[in-house]
Amino acid sequence: MGQSKPIRPTAIVVEDDDIQREMLALLLEESNFDVLQCEDAETAALALKVRHPSLMVTDVNLVGKMDGVDLAHFAQQYNADMRIIVISGRPLPRPLPPGAKFFAKPVYPTVLLAEAGQ
């Protein structure tokens with residue numbers, strides 16, 4: 001009989017910069033998350049409907065029609081229990097949904113992981 005694999009929480013990383021997205025995904029994967037990577041908010045919104053992640057990390061400035069703040073509001077309405085972390089090198093253009101956290105870039109890995117619950 002095969003051994004069952006432990007269930008890992010899922011995180012979505014939304015970042016249009018390939019290098020930053022890969023670095024965030026690697027950090028979370030090494031911290032026991034299964035990671036879905038998306039380069040825009042529209043793709044992430046579709047992924048939220050298929051998977052039920054426990055964490056979303058998104059940049060504010062993204063390619064496409066939706067930015068990270070819009071995505072954070074959508075994600076909270078879709079999954080109120082998900083942890084949402086929004087990062088940016090600039091101030092937020094408008095408020096985040098209740099419970100979402102904002103961190104200015106650069107974000108220290110220990111800070112991000114503490115907020116991610118790992």
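All of these numbers come straight from a predicted model, not from anything done at the bench.

K.L.:
How should the side chain of Ser-88 be read in this particular structure?
P.N.:
With respect to the helices and strands, Ser-88 occurs in strand β4 (residues 83-88). Among the residues examined, Ser-88 registers a relative accessible area of 1% and is labelled buried. In this structure Ser-88 touches Asp-59, Val-60, Asn-61, Phe-102, Phe-103, Ala-104 and Lys-105, once residues within four positions along its chain are discounted.

K.L.:
When you look at the environment of Gln-37 in this model, what are you seeing that I'm missing?
P.N.:
With respect to the element layout, Gln-37 can be found in strand β2 (residues 34-38). Note on Gln-37: relative accessible area 32%, which makes it partly exposed. Taking the C-alpha atoms as reference points, Gln-37 and Val-63, separated by 26 residues in sequence, lie 14 Å from one another. Leaving out residues up to four positions away in the same chain, Gln-37 has contacts with Val-13, Arg-21, Glu-22 and Ala-25. Only 3.4 Å separates the side chain of Gln-37 from the side chain of Arg-21, close enough to count as a polar contact.

K.L.:
Mind showing me how you'd approach the packing of helix α2 (residues 41-50) against helix α3 (residues 68-78) here?
P.N.:
Helix-helix packing is described using two parameters, namely the angle between the two axes and the distance between the axes. Here α2 crosses α3 at 5°, and the two axes come no closer than 10 Å. Judged by the angle between their axes, α2 and α3 are roughly parallel. Here Ala-41, Ala-44, Ala-45, Leu-48 and Lys-49 of α2 lie close against α3, whose contacting residues are Leu-71, Phe-74, Ala-75 and Tyr-78. Of the residues contributing to the contact of α2 with α3, the split by class is eight nonpolar, no polar and one charged.

K.L.:
Sorry, what's going on with α2 here?
P.N.:
An α-helical turn contains 3.6 residues, so any two residues separated by three or four positions project in the same direction. Every buried residue of α2 is listed here: Ala-41, Ala-44, Ala-45, Ala-47 and Leu-48. Projected down its long axis, α2 shows its buried positions confined to an angular sector of 160°, all on one face. In α2, those exposed residues whose orientation departs by more than 90 degrees from the buried face are Leu-46 and Val-50. Residues of α2 that are buried make contact with β1 (10-14), β2 and α3. The opening residue of α2, the one whose side-chain oxygen lies 3.2 Å from the backbone nitrogen of Glu-42, is Asp-40.

Rules behind the numbers
Residues numbered from 1 in each chain as written. Predicted model: local features only at pLDDT ≥ 70, side-chain atom pairs only at ≥ 80, totals over all residues. Heavy atoms only, no water. Helix = DSSP H or I, 4+ residues; strand = E, 2+ residues; numbered from the N terminus. Buried < 20%, exposed > 50% of the residue type's maximum accessible area, 1.4 Å probe, protein only. Contact = heavy atoms within 4.5 Å. Polar contact = N/O pair within 3.5 Å; in protein donor to acceptor, adjacent residues only side chain to side chain. Axes fitted to C-alpha atoms, helices over the stretch in contact; angles between N-to-C directions. Parallel < 35°, antiparallel > 145°, perpendicular 65-115°, else oblique. Nonpolar A, V, L, I, M, F, W, Y, C, P; charged D, E, K, R; others polar. Arc of directions from axis to C-beta.

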